[in-house]
Amino acid sequence: MLRKRLIPIFFLALLILTFSLLPPKEASAQDSQPTAADVIQAVNSLRIENGLLPLNTHPVLMQVAAWEANAIAGGAPGHTRPNGLTLGQWLLSLGYPLSGDLSQDGYRSENWVAARTAQQAIEIWLMDGPHTNTMLSPDRSDIGVAIVVSDQTYIVLETALQTNSGEMQFDAYPILTALAQGGNVGGDSSVPQYIIPVKRSTARPDGNAIHKVQYGQSLWSIAVTYNTTIDQIRAWNNLGETTEIYDGQILLVQMGATQPPPPTTTPLATLTAFSTITPTSSGDAPTITAQLSPTNLSGNENDPPRASSPGLWVGLIVILALGAGIFGVWVTNTRSPR
């Protein structure tokens, strides 16, 4: 009789042990939607890890990101602009003092993605050069983020560099005048979607420096980097009066440059977030592969170790005790005379 009563208790203990061994429930996408602050913090943390200054939240970039996110959620393709404007023209029209070559739309860029979390968005953007550049370019000072939830969670990131003075460049006024008069200034396919900073090439032994043009670079940014002029580069390369250059073009950008002295010690290797950027296609949004430093992308690849549940030990003790009791009753009943 006692043996029959202990059997239900034994199975109840097994049930308790089973639930104690289950992993804790993780929050679902519906439980916690990412916020703009989450994305901004994640981008700035990534910049700090790579030795860059964090970006300041700017109301114009927040406004542009909100418009873009709502447009995408409503079914519009990515990088849609009002009235056919380019992103740089749009920022200028809203009063943002954009820096850079305004004929090439200035130092600005935009990322968007459908992602469940801020970290997932960051990891997706780190998979190619242009989207990485939006987050990790040194030529950025401000940031704006918007998130819209419809059929999916859409995250839009805007970054840009404003002028040191905080005032509009002189070149902005013809653009703004054309906008005010309804001029056809938007939709120029020659304007790149992403601006790639110019990395200075070391001069050859003869003192000449050769630069290979990358998508998103202009004669203006190349001339500034090599401390020369657009006219001088055009003259050295027989470009005539044009300012148009193309991805992969080889340009002579310096003549008779002084060679730097050889280093006396071997410098430590410096890890960079986008050490090599190689265009693989052309168009408004090219695919560019980047060799990313694995140390800069580590930290969240593995789940944190879970602490053992105290219910495990309690369940084991209960089962062992009940098992010993049942075994004792069984032995007693077996040996007792019937």
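Residues numbered from 1 in each chain as written. Predicted model: local features only at pLDDT ≥ 70, side-chain atom pairs only at ≥ 80, totals over all residues. Heavy atoms only, no water.

1. Here's the deal with the overall build of the protein
Put simply, the test is: To qualify as a helix, a DSSP run of H or I must reach at least 4 residues; to qualify as a strand, a run of E must reach at least 2; elements of each kind are numbered from the N terminus. Burial classes: relative accessible area under 20% of the type maximum marks a residue as buried, over 50% as exposed, and values in between as partly exposed (1.4 Å probe, protein chains only). Every residue pair with non-hydrogen atoms within 4.5 Å of one another is taken to be in contact. Exposure was quantified through the Shrake-Rupley algorithm and a 1.4 Å probe, taking into account, for residues, occlusion by the shown protein chains and nothing else.
Along its length, the protein carries ten helices and eight strands. The buried share of the protein, reckoned over its 338 residues, is 38%. Taking the intrachain contacts of the protein between residues at least 6 apart in sequence as the baseline, contacts between residues at least 24 apart amount to 65%. About 19,600 Å² of surface is accessible on the protein, with carbon and sulfur atoms providing 57% of the total.

2. A short note on the sheet that holds strand S1 (residues 56-57)
Adjacent strands of a sheet pair through backbone hydrogen bonds, lying either parallel or antiparallel. Rule in force here: When DSSP finds at least two bridges between two strands, those strands are taken to pair.
Read from one edge to the other, the open sheet built from four strands follows the order S1-S3-S4-S2, with strand pairing classed as mixed. Each edge of the sheet is formed by a strand with only one pairing partner; in this case those strands are S1 and strand S2 (108-114). Pairing of S2 with strand S4 (residues 153-160), which is carried by seven bridges, proceeds in the antiparallel orientation. Opposite Arg108, over in S4, you have Ala160 as the bridge partner.

3. Details of the environment of Val198
Position of Val198 among the secondary structure elements: in the loop between helix H7 (172-180) and strand S5 (209-212). Along the sequence, Val198 and Val224 sit 26 residues apart, while their C-alpha atoms lie 9.2 Å from each other. Contact partners of Val198, with chain neighbours within four places excluded, come to His211, Gln217, Ser221, Ile222, Thr225 and Tyr226.

4. Let's talk about the confidence of the model for the protein
Going by this rule: Confidence of the predictor at the level of single residues is captured by pLDDT, which takes values from 0 to 100.
The share of residues in the protein with pLDDT of 70 or more is 61%, and the mean pLDDT across the chain is 73. Every residue in residues 186-190 is under pLDDT 50, and counting partners more than four places away or in other chains gives eight contacts. Ignoring residues within four places in sequence, the model shows residues 260-309, a span with pLDDT below 50, making 66 contacts including any to other chains.

5. Re the nonpolar core
To keep things clear, this is the line we draw: Among the buried residues, those of types Ala, Val, Leu, Ile, Met, Phe, Trp, Tyr and Cys that are joined through side-chain atoms within 4.5 Å form a nonpolar core.
Ile122, Trp125, Met135 and Ile155 are the most contacted members of the largest nonpolar core, which has 20 residues in total. Breaking this core down by element, the ones donating at least two residues are helix H2 (36-49), helix H5 (118-125), helix H6 (129-136), strand S3 (142-149) and S4. When residues in this core are grouped by element, the largest group, five residues, is from H2. Setting aside its immediate chain neighbours within four residues, Trp125 contacts Val39, Asn111, Trp112, Val113, His131, Thr132, Met135, Ile155 and Leu157. Grouped together as the second largest cluster of nonpolar side chains are 14 residues, Leu85, Leu92, Leu98 and Leu102 included.

6. Structural notes on H2
Test applied: Expected helix span is given by 1.5 Å per residue-to-residue step, counting one fewer step than there are residues.
End to end, H2 covers 20 Å across 14 residues, agreeing with the expected 20 Å (1.5 Å per residue, within 8%). Of all the positions in H2, only Val39, Ile40, Ala42, Val43, Asn44, Leu46 and Arg47 are classed as buried. Where H2 is buried, its residues contact S1, helix H3 (59-73), H5, H6, S3 and S4. Phi for Gly51, located one or two positions after H2, is positive at around 75 degrees.

7. Quick notes on the pattern of salt bridges
Applied cut-off: Should a side-chain nitrogen of Lys or Arg be within 4 Å of a carboxyl oxygen of Asp or Glu, the pair is scored as a salt bridge.
Tallied over the entire structure, the rule returns five salt bridges. Across the pair Arg81 and Glu68 runs a salt bridge, and its minimum N-O distance is 3.3 Å. On the criterion of sequence distance, the pair formed by Arg81 in the loop between H3 and helix H4 (87-93) and Glu68 in helix H3 is long-range, its members being 13 residues apart.

8. Details of the pairing of S4
Counting buried positions along S4 yields eight of eight residues, so the element is predominantly enclosed. Burial along S4 is two-sided: Thr153, Ile155, Leu157 and Thr159 and Tyr154, Val156, Glu158 and Ala160, pointing in opposite directions, are all buried. The pairing of S3 with S4 spans eight bridges and is classified as antiparallel. Its bridge partner being in S4, Val149 is matched across the sheet by Thr153. Between the antiparallel neighbours S3 and S4 lie three residues.

9. Description of the packing of H2 against H5
For the record, the criterion: Helix axes are fitted only over the stretch in contact, all axes being lines through C-alpha atoms; the angle between N-to-C directions runs from 0 to 180 degrees. Angles below 35 degrees are treated as roughly parallel, those above 145 as roughly antiparallel, those between 65 and 115 as roughly perpendicular, and all remaining angles as oblique. Each crossing gets its hand from how the near helix is turned against the far one by less than a right angle, where anticlockwise is left-handed and clockwise is right-handed. In this classification, the charged set is Asp, Glu, Lys and Arg, the nonpolar set is Ala, Val, Leu, Ile, Met, Phe, Trp, Tyr, Cys and Pro, and all remaining amino acids, among them Gly, are polar.
For the pair H2 and H5, interaxial distance at closest approach is 9 Å and the crossing angle is 45 degrees. Judged by the inter-axis angle, H2 sits oblique to H5. Both H2 and H5 take part in a crossing whose hand is right-handed. The residues of H5 that touch H2, namely those facing Asp38, Val39, Ala42, Val43 and Leu46, are Ala118, Ile122 and Trp125. Partitioning the contact of H2 with H5 into residue classes produces seven nonpolar, no polar and one charged.

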